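Spelled out from the first residue to the last, the chains are:
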Amino acid sequence: QVQLVESGGGLVQPGGSLRLSCVASGSIVRVDDMGWYRQAPGKERELVASITRGGITKQLDSVKGRFTISRDNAKNTVYLQMNSLKPEDTAVYYCNVAMYGSRSPYWGQGTQVTVSS
């Protein structure tokens, strides 16, 4: 069994910052790709950013220059530093983790991020 626990969401004013964390625990052989998705009301879930075990990152165009994904392999943890937040960043954010030996990735429970004045 693998568990993903997310933290760091909340309410922030436009222009503010939040840092999301997602810790993987349980029966883990090796954590491979890690990423963050988000889903706003009435919209499809979209990939915000991803990072390989070696540190290669990809990001959604609309968050480039504002969001930074990073990871700590020793702690099986992925982070999403979100700066200059905009109301359109409001969504439930989910971490997504691929594990060696597992056919499909694991999902976190989701954490709400609300950007509003």
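Everything that follows concerns the structure shown earlier in this document.
So, a few notes on the structure that sits alongside this text. Worth saying up front: this structure is predicted, and the values here are computed from it rather than measured. (Residues numbered from 1 in each chain as written. Predicted model: local features only at pLDDT ≥ 70, side-chain atom pairs only at ≥ 80, totals over all residues. Heavy atoms only, no water.)

**A closer look at the overall build of the protein chain**
The number of helices and strands found in the protein chain is zero helices and 11 strands. When the helices and strands of the protein chain are placed in sequence order, the string is β-β-β-β-β-β-β-β-β-β-β. The globule rule puts the C-alpha radius of gyration for 117 residues at 13 Å, and the 14 Å found for the protein chain is close to it. With respect to the principal axes defined by its C-alpha atoms, the protein chain has extents near 45 × 25 × 25 Å. (Helix = DSSP H or I, 4+ residues; strand = E, 2+ residues; numbered from the N terminus. Rg over C-alpha atoms; globule rule 2.2 N^0.38 Å.)

**Quick notes on the environment of Gln39**
As for its placement among the helices and strands, Gln39 is situated in strand 4 (residues 31–39). A relative accessible area of 29% places Gln39 in the partly exposed class. In this structure Gln39 touches Glu44, Arg45, Ala91, Val92 and Tyr94, once residues within four positions along its chain are discounted. A distance of 3.1 Å separates a polar atom in the side chain of Gln39 from the backbone oxygen of Lys43. (Buried < 20%, exposed > 50% of the residue type's maximum accessible area, 1.4 Å probe, protein only. Contact = heavy atoms within 4.5 Å. Polar contact = N/O pair within 3.5 Å; in protein donor to acceptor, adjacent residues only side chain to side chain.)

**Describing the environment of Ala74**
Mapped onto the elements of the fold, Ala74 is located in the loop between strand 7 (67–72) and strand 8 (77–82). Residue Ala74 is classed as exposed on the basis of its relative accessible area, which comes to 75%. Sequence-wise, Ala74 and Val31 are 43 residues apart; in three dimensions their C-alpha atoms are separated by 10.0 Å.

**A few points about the layout of surface pockets**
When its volume is computed, the largest pocket comes out at roughly 160 Å³. Lining the largest pocket are Asp33, Met34, Gly35, Tyr37, Leu47, Ser50, Ile51, Thr52, Ile56, Lys58, Asn96 and Ala98. For the lining of the largest pocket, the secondary structure elements donating two or more residues are strand 4, strand 5 (46–51) and strand 9 (91–99). The element contributing the most residues to the lining of the largest pocket is strand 4, with four residues. Looking at the lining of the largest pocket residue by residue, the classes come out as six nonpolar, four polar and two charged. (1 Å grid on protein atoms, 1.4 Å probe; cavity = no way out; pocket = protein on both sides within 12 Å on 5 of 7 lines; lining within 4 Å. Points joined across faces, edges and corners; volume = space filled by probe spheres on them. Nonpolar A, V, L, I, M, F, W, Y, C, P; charged D, E, K, R; others polar.)

**Some details on the nonpolar core**
Ranked by internal contacts, the top residues of the largest apolar core, which has 28 residues, are Trp36, Phe67, Val78, Leu80, Met82 and Tyr93. Among the elements that line this core, the one with the most residues is strand 9, at five residues. Look past the residues within four positions of Tyr93 in its chain and what remains in contact with it is Glu6, Leu20, Trp36, Tyr37, Arg38, Val48, Phe67, Leu80, Met82, Gly110, Thr111 and Val113. (Core = buried A, V, L, I, M, F, W, Y, C linked by side-chain atoms within 4.5 Å.)

**What to know about the environment of Ser25**
Along the polypeptide, Ser25 turns up in strand 3 (residues 18–26). Ignoring sequence-local partners within four residues, the contact set of Ser25 consists of Gln1, Val2 and Gln3.

**Comments concerning the packing of aromatic side chains**
In this structure the tally under the stated criterion is two aromatic pairs. Ring centres 6.4 Å apart and planes at 85° place the aromatic pair Tyr94 and Trp107 in the edge-to-face group. Highlighted residues: Tyr94 in strand 9 and Trp107 in strand 10 (residues 106–107), separated in sequence by 13 residues. Judged by relative accessible area, which is 38%, Trp107 ranks as partly exposed. (Phe/Tyr/Trp six-rings, centres within 6.5 Å; stacked < 30°, edge-to-face > 60°.)

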